[in-house]
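Overview (structure and organization)
What follows is each chain in one-letter form.
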Amino acid sequence: MKRFIFLAVLAEAFIIYASVLVKIVDLSPILVGFYRISLALPIFALLANTKLLKVRKKDMLLMLGAGGFFGLDLVFFNLAIHKTSIANVNLFASLVVFILVPIGAIFFKEKIRLDFVLGSLVSLAGVFLLIKGRGGESVATPLGDFLAFLSMSCYGIFLSLVYGLRKRYDTLTLMSFASLGSILILLSIGIPMEGFTLPKDWHTWGILIAISLFGQILGQGCFGYIMGKLTTQVSSLILLFTPALAGLMGYFILGEKLGIYEIIGMIIIVLGVYIAKMRKEKKSQKN
């Protein structure tokens, strides 16, 4: 169990790193999402191999649909990054817990524990405190925050579909068909809005490859694998780490300052996760 949690946190770190690259790459936002998926698709399909031929038609449509919601997530997420602060985008991303947990309880019969609710609320308080610490440097806009909210909603639906499908299919098969669904959405929205252009130089290609590698292959691929090993509650709780990871990554990679509010917020987030997850493990050991 602990190794899966570690992998999930690592996957989130990869995804956040990719989001930083999205902000600095010299290419239109939706088109960046298209290249992120397109560069990863051949890798997923090649590794999945003949397993792709064994997928039932109904499940294939569900995978394509899941990919469609992920495509919408990328559209809103990449646009939001250019309209609001990365801190706010990560804040909304962490709130997906409030979509996944009810879905897990309703459709997958997962019992919502009091420890989990308490721990989630504590972590959420830490998330808001972390964002408060950046208030003076915020470049947030109402439109950007709204786009981030739409991104979070689409991502929550995507993860819910992945959680159900992972009970029957491996990650590579799932991500292959989901990538096709994402590409269809990204092209149908991106071409009318932004047109279609190729990266202008090898430097841009290099950043796009890094975004695809860290954000899609290592990030989403790994998190898709984890969704078949952990409950929706544990998986979504890990997403509350997102703002804390973003703050640490900004500090070590981009040289962004960490104030006292941000440091306290990170500590509170970790405390909340401990309350929600670790107390359950202690109870299990006693029994």
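Residues numbered from 1 in each chain as written. Predicted model: local features only at pLDDT ≥ 70, side-chain atom pairs only at ≥ 80, totals over all residues. Heavy atoms only, no water.

Comments concerning the overall build of the protein
Just so we agree on the cut-off: Secondary structure is summarised from DSSP: a helix means a run of H or I of at least four residues, a strand means a run of E of at least two, and numbering begins at the N terminus for each. Only protein chains enter the accessibility calculation, which uses a 1.4 Å probe; a residue is then buried when its area is under 20% of its type maximum, exposed when over 50%, and partly exposed in between. Here a residue-residue contact requires only that any non-hydrogen atoms of the pair lie within 4.5 Å.
Across its full length, the protein holds 12 helices and zero strands. In the protein, buried positions account for 53% of the 287 residues. Contacts spanning at least 24 positions in sequence make up 92% of the contacts within the protein whose residues lie at least 6 apart.

Considerations on the nonpolar core
Put simply, the rule is: Side-chain atoms within 4.5 Å are what join buried Ala, Val, Leu, Ile, Met, Phe, Trp, Tyr and Cys residues into a set we call a nonpolar core.
Formed by 78 residues in total, the largest nonpolar core has its most connected members in Tyr155, Leu159, Ile211 and Phe223. Setting aside its immediate chain neighbours within four residues, Tyr155 contacts Glu12, Ile15, Phe70, Asp73, Val96, Gln220, Phe223 and Leu239.

Observations concerning the packing of helix H1 (residues 2-24) against helix H3 (residues 57-81)
We apply this condition: Axis lines are fitted to C-alpha atoms, over the contacting stretch for helices. Their N-to-C directions set the angle, which ranges from 0 to 180 degrees. Here the word oblique covers every angle except those under 35 degrees (roughly parallel), over 145 (roughly antiparallel) and from 65 to 115 (roughly perpendicular). Each helix crossing is assigned a hand: it is left-handed if the near helix lies turned anticlockwise from the far helix by less than a right angle, otherwise right-handed if that turn is clockwise. Three residue categories are used. Nonpolar comprises Ala, Val, Leu, Ile, Met, Phe, Trp, Tyr, Cys and Pro, charged comprises Asp, Glu, Lys and Arg, and polar comprises the others, including Gly.
One way to put it is that H1 packs onto H3 with a least axis distance of 9 Å and a crossing angle of 60°. Between H1 and H3, the crossing angle belongs to the class labelled oblique. For the pair H1 and H3, the crossing hand works out as right-handed. Side by side, H1 and H3 meet where Ser19, Val22 and Lys23 of the first sit next to Phe77, Asn78 and Ile81 of the second. Within the contact of H1 with H3, the residues separate by chemical class into three nonpolar, two polar and one charged.

Observations concerning the confidence of the model for the protein
Put simply, the rule reads: Confidence scores labelled pLDDT are given residue by residue by the predictor and lie between 0 and 100.
For the protein, mean pLDDT is 83; residues scoring 70 or higher make up 86% of the total. Of the regions scoring below 50 in pLDDT, residues 280-287 engages in five contacts with residues more than four places distant in sequence or in other chains.

Points about the packing of aromatic side chains
Two numbers describe a pair of aromatic rings. These are the distance of the centres and the angle of the planes. The cut-off we apply is this: Pairing of aromatic rings covers Phe, Tyr and Trp, the last through its six-membered ring, and needs centres within 6.5 Å; plane angles under 30 degrees mean stacked, over 60 mean edge-to-face, and all others mean tilted.
Scanning the model with the defined rule gives 10 aromatic pairs in all. Measuring from ring centre to ring centre gives 5.1 Å for Tyr17 and Phe214, while their planes differ by 85°; the resulting arrangement is edge-to-face. Note that Tyr17 is positioned in helix H1 and Phe214 in helix H9 (residues 202-226), a separation of 197 residues in sequence. Classification of Phe214 as partly exposed rests on a relative accessible area of 23%. Centre to centre, the rings of Phe34 and Tyr35 are 5.2 Å apart; their planes meet at 65°, and the pair counts as edge-to-face. The buried category is assigned to Phe34, whose relative accessible area is 12%. In this structure Tyr35 comes out as buried when scored by relative accessible area, which is 5%.

Re unusual backbone geometry
Within the chain, Asn49 stands out as a residue other than glycine whose phi angle is a positive 55°. Looking at the secondary structure, you find Asn49 in the loop between helix H2 (29-48) and H3. On the accessibility criterion, Asn49 (52% relative accessible area) is exposed.

A short note on the side chain of Glu12
Threshold: Counted as positive: Lys and Arg. Counted as negative: Asp and Glu, with His and the chain ends omitted from the count. We define a salt bridge as a side-chain nitrogen of Lys or Arg found within 4 Å of a carboxyl oxygen belonging to Asp or Glu.
Along the chain, Glu12 turns up in helix H1. At 8.7 Å, Arg36 is the nearest oppositely charged side chain to Glu12, a buried residue that forms no salt bridge. Every residue in contact with Glu12, bar those within four places of it in the chain, is listed here: Tyr155, Phe223, Leu239, Thr242 and Leu245.

Let's talk about helix H7 (residues 142-165)
For clarity, the threshold we go by: By this rule the span expected of a helix is its residue count minus one, scaled by 1.5 Å.
When the terminal C-alpha atoms of H7 are compared, their 35 Å separation across 24 residues agrees well with the 34 Å that a helix rising 1.5 Å per residue should span. Most of H7 sits out of view: 17 of its 24 residues are buried.

A closer look at helix H5 (residues 97-107)
Since one α-helical turn is 3.6 residues long, residues separated by three or four positions face the same way. We apply this condition: The reported arc concerns the directions from the helix axis to the C-beta atoms and nothing else.
All of the buried residues along H5 are Val97, Leu100, Val101 and Gly104. The buried residues of H5 occupy one face: seen down the axis, they fall within an arc of 95°. Counted as exposed and oriented over 90 degrees from the buried face of H5: Ile106 and Phe107. Positive phi appears at Lys109, one or two residues downstream of H5, with a value of about 60°.

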